[in-house]
Structure formats: structure tokens, C-alpha cells
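An overview of the molecular structure
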Amino acid sequence: MTMTFFSRLDLQEGLRTLSVMQWIPVYVILGAIPIVLMPYLLVFTNFWSLAVLTLAWLAYDWKTHSRGGRRSAWVRNWTLWKYFQNYFPIKLVKTHDLSPKHNYIIVSHPHGILSYGVFINFATEATGFARIFPSITPFLGTLEGIFWIPIVREYVMSMGICPVNELALEYLLTKKGSGNAVIVVVGGAAEALLCCPGASTILLKNRKGFVKLALKTGAYLVPSYSFGENEVHNQETFPEGTWIRFFQKNCQRAFKKLLGINFCTFHGRGLTRGSWGLLPFNRPINTVVGEPLPIPKINMPNKETVDKYHALYISALRKLFDQHKVEYGLPETQELAII
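Residues numbered from 1 in each chain as written. Predicted model: local features only at pLDDT ≥ 70, side-chain atom pairs only at ≥ 80, totals over all residues. Heavy atoms only, no water.

**A closer look at the overall build of the protein**
A count of helices and strands for the protein gives 13 helices and 12 strands. Along the three orthogonal principal directions, the C-alpha set of the protein runs to about 60 × 55 × 55 Å. Taking all 339 residues of the protein together, 48% fall into the buried category. For the protein, contacts bridging at least 24 residues in sequence account for 77% of all contacts bridging at least 6. On the protein, the mean spot of the 34 positive side-chain charges and the mean spot of the 21 negative ones are 5 Å from each other. (Helix = DSSP H or I, 4+ residues; strand = E, 2+ residues; numbered from the N terminus. Buried < 20%, exposed > 50% of the residue type's maximum accessible area, 1.4 Å probe, protein only. Contact = heavy atoms within 4.5 Å. Lys, Arg positive; Asp, Glu negative; His and termini not counted. Charge placed at Lys NZ, Arg CZ, Asp CG, Glu CD.)

**Some words on the pairing of strand 7 (residues 220–227)**
Buried residues dominate strand 7, accounting for eight of its eight residues. The alternating pattern of strand 7 places Tyr220, Val222, Ser224 and Ser226 and Leu221, Pro223, Tyr225 and Phe227 on opposite faces, both of which are buried. Pairing analysis gives six bridges linking strand 2 (residues 104–109) to strand 7, with the strands arranged parallel. Bridge pairing in strand 7 links His109 to Tyr225. Bridging between strand 7 and strand 11 (residues 285–289) involves four bridges; their strand directions are antiparallel. Bridge pairing in strand 11 links Ser224 to Val289. (Pairing = 2+ DSSP bridges.)

**A look at the UniProt feature "transmembrane region" (unreviewed entry) in the protein**
Feature annotation in UniProt assigns "transmembrane region" (unreviewed entry) to the following positions: residues 20–37. Taken end to end, residues 20–37 is 94% helix and 0% strand, and its first and last C-alpha atoms sit 27 Å apart. (UniProt positions renumbered as here; feature names shortened; annotations may be inferred.)

**A closer look at the nonpolar core**
If you look at the biggest cluster of nonpolar residues, it comprises 42 residues, and the most contacted ones within it are Trp81, Phe88, Phe119 and Met159. No other element matches the six residues that helix 6 (residues 116–123) contributes to this core. In this structure, Cys162, Leu169, Leu173 and Tyr309 belong to the second largest nonpolar core, which totals 36 residues. (Core = buried A, V, L, I, M, F, W, Y, C linked by side-chain atoms within 4.5 Å.)

**So, the packing of helix 2 (residues 23–44) against helix 3 (residues 48–60)**
Two elements in contact, helix 2 and helix 3, have axes whose closest approach is 7 Å; the angle formed by their N-to-C orientations is 135°. Taken together, the axis directions place helix 2 and helix 3 in an arrangement best described as oblique. Crossing angle aside, the handedness with which helix 2 passes helix 3 is left-handed. Where helix 2 abuts helix 3, its residues Met38, Leu41 and Leu42 lie against Trp48, Leu50, Ala51, Val52, Thr54 and Leu55. A class-by-class count of the residues in the contact of helix 2 with helix 3 yields eight nonpolar, one polar and no charged. (Axes fitted to C-alpha atoms, helices over the stretch in contact; angles between N-to-C directions. Parallel < 35°, antiparallel > 145°, perpendicular 65-115°, else oblique. Left-handed = near helix turned anticlockwise from the far one by under 90°. Nonpolar A, V, L, I, M, F, W, Y, C, P; charged D, E, K, R; others polar.)

**Some words on the layout of surface pockets**
If you add up the space inside the second largest pocket, you get close to 260 Å³. Lining the second largest pocket are 17 residues, and of these Met21, Ile24, Leu114, Leu278 and Leu279 sit closest to its centre. Contributions of two or more residues to the lining of the second largest pocket are made by helix 1 (2–21), helix 2, strand 9 (266–269) and strand 10 (276–277). In terms of residues, the lining of the second largest pocket owes the most to one element, helix 2, which gives three residues. Of the residues that constitute the lining of the second largest pocket, the class distribution is 13 nonpolar, three polar and one charged. (1 Å grid on protein atoms, 1.4 Å probe; cavity = no way out; pocket = protein on both sides within 12 Å on 5 of 7 lines; lining within 4 Å. Points joined across faces, edges and corners; volume = space filled by probe spheres on them.)

**Let's talk about the sheet that holds strand 5 (residues 180–184)**
Taken in spatial order, the seven strands of this open sheet run 1-11-7-2-5-3-4, and their pairing is mixed. Two strands lie at the open edges of the sheet, namely strand 1 (90–94) and strand 4 (161–163), each paired on one side alone. Taking the axes of each pair of neighbouring strands and ignoring which way they run, one obtains an average angle of 25° across the sheet. Here four bridges tie strand 2 to strand 5, and the two strands are oriented parallel to one another. By the bridge assignment for strand 5, Ile105 is matched with Val182. Along the sheet, helix 9 (residues 166–174) makes contact with strand 2, strand 3 (137–142), strand 4 and strand 5, crossing strand 5 at roughly 155°. In the packing of helix 13 (residues 303–324) onto the sheet, the strands contacted are strand 2, strand 7 and strand 11, and the crossing angle to strand 7 comes to about 35°.

**Re the side chain of Thr17**
On the secondary structure map, Thr17 appears in helix 1. With relative accessibility at 6%, the residue Thr17 sits in the buried group.

**Concerning the pattern of salt bridges**
Considering all chains together, one arrives at 13 salt bridges under this definition. Arg70 is the salt-bridge partner of Glu154, the closest N and O atoms lying 2.8 Å from each other. A residue pair is termed long-range when its members are at least 10 positions apart, and Glu154 in helix 8 (residues 152–158) and Arg70 in the loop between helix 3 and helix 4 (73–76) qualify at 84 residues. Residue class for Glu154 comes out partly exposed when judged on its relative accessible area of 31%. On the basis of relative accessible area, Arg70 is assigned to the partly exposed category, the value being 33%. With a shortest N-O distance of 2.9 Å, Arg76 and Glu125 are connected by a salt bridge. With Arg76 in helix 4 and Glu125 in the loop between helix 6 and helix 7 (129–132), this residue pair connects regions lying 49 residues apart in the sequence. Just as Arg76 is buried, Glu125 falls in that class too. Each member of the salt-bridge network shares a partner with another, and the members are Asp61, Arg70, Arg153 and Glu154. (Salt bridge = Lys/Arg side-chain N within 4 Å of Asp/Glu carboxyl O.)

Right, here's the structure in full:
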């Protein structure tokens, strides 16, 4: 009986670990299939028509990912995501209701290394978004380049993921009625370089595009902070003047130029707890969604208006951080650093 109990525990632990391990490799594999297969079909086989049809469909369907995509409740509710959520675990915390009479821009902080919290909370139903915020449809913004790749494009659209560009976000906030929430991680990949255990530094001081978008569409701004996101990986910055620091800086520049993302030197746990590897540590991530900040609709907001509502947003975010930091493991004296 005891052995059976521990066997079940080991099985559940293994499934949780596998659910996290598959996440990034699945994107790589799905992306590699069309990138490798289509040139092969065109040049070396008689099935060139399949590649042509795939490209024709991509051209025909090109606007779909910028107009809400093809969401699948089935994909968002996969059991896989529950195992993923329980690995840390990840929790979605509501502090105020979101009325379906309005549209929202949920602004998420911090980016973390791989944004586990924002993905599970808003691109899946593992933490119960639809139950916690009824009649609100979430759209998680990410890099547009992902939508250029067949198969990967369909996969991410099925989870309600959209391009984080003005055209797509403005469409969702003005052309699809009310009850929509776009989620943007405004710190972006650059903020990932600031992430390490104990840190609470975010890039926000000069990031005002989301405020301008809110003013142009009349969408309410909602602050959101994922406590614990910075705790799940250790990030290494090597001493200046060493060869490994030289290599690290050049990799960062190359990744930023070629892929639009930053190269982070990080590590976590291995396949067994206590070992070294690239898996995230099993530490809780609590994403707290704050009170909506009403924003007037102004077609062409001037700089002073944008600055005013940017300051109001920062004040609301600081308030949210200070109200919940102790509850989720940070010291009372810790402040939110905004650069």
C-alpha cells in the first residue's frame, strides 16, 4: 500500500516535470517541420504542390492572427496545462471584478526569464481564468514573428495568443465588442536581463505605448504583478573583463539583432530536485490582477495626457505591489524599482 502511494507520487511528479520540459521544445519542433520540410518538398520530391498550398493558405489567412485568431477551448483546457501549473504551482489572484461592459489592457510585470505565470494564467485555463473573470476573453500578446511560421501559428492562435503590435491590439479593443482583455508584458525581453531571485526591478519609466493605446481605444488599464516569477531561475552575469563575459555580451547582441530577444545565461534545477539543470525551480508564482483604472477615449492623445495616465498607472501598480508583497514572500521594506 505504501509503495503504491509513493509510486503515484513519483508518477505525478514525473508528469509535472515532463509538462514543463515539453513547452519550449514543442515550439522548436513544430517550427522546424515547415521550415525544413517545405524546401525539401519543393526541390527534391513530386509533392511540391503541398508546400505551395501551405504558403497559399498562409497568404490567404494572413490577417486572422491579428483579428483574434482561432481560439480553442479544448486546447486551453488540456490536462497538460494543469500539470504545468501544479509544477510550481501557479495561481491567479483576483482583487477586483472586470465588467464585461468594458475592454481592458492587463499590463503584466515582471517578464521573468520565460514568463511562466503570464502564459499559464492567460493562455490556458489551468488556473481558471474564465471562472475567475466570467465573460472576459483574454488575448495574450507575443512576438509577431511566431505567426510567420505555419503550424506554430495555428498552435499559438488556439490558445488565444495574438501579436503584440498596435494593429492587432487596437482591432481586439475596438472591433470585437466589449469584454475583451489584451495582456501585454511591457518590460519585454529586455526586462528578462534584470530577473533574478529577490529582484523587483521592472522596465516601465519610458514605456508608454500601452498608455497611448488605452487612450486611443478607451480600454481600462489593469496592473498585474506575478510574485515569484523572478524566483524560478538563477541568472548569471559574469565579471567584466573575462572571456566568458565577452562571449555573453556578444551572444546578447546577436540574439537581439537576429531574433528580437535577449540572451539570458540562466539555470535552475535538473530532472531530480537538488540537481543542476535548466528546468525552473519548484517555487510558487502568484499573479495578482489589480483594480481597473478607467481611461477616457481620446483619438489623438497629446504627450501631457499620456504622461498623466502613465503616472497614474505607476501609482496603481506600486499600490498593488505594496499591498501584496509581504503575503507572497517579500520583505516589508522591499520597494518596486522602476527604471
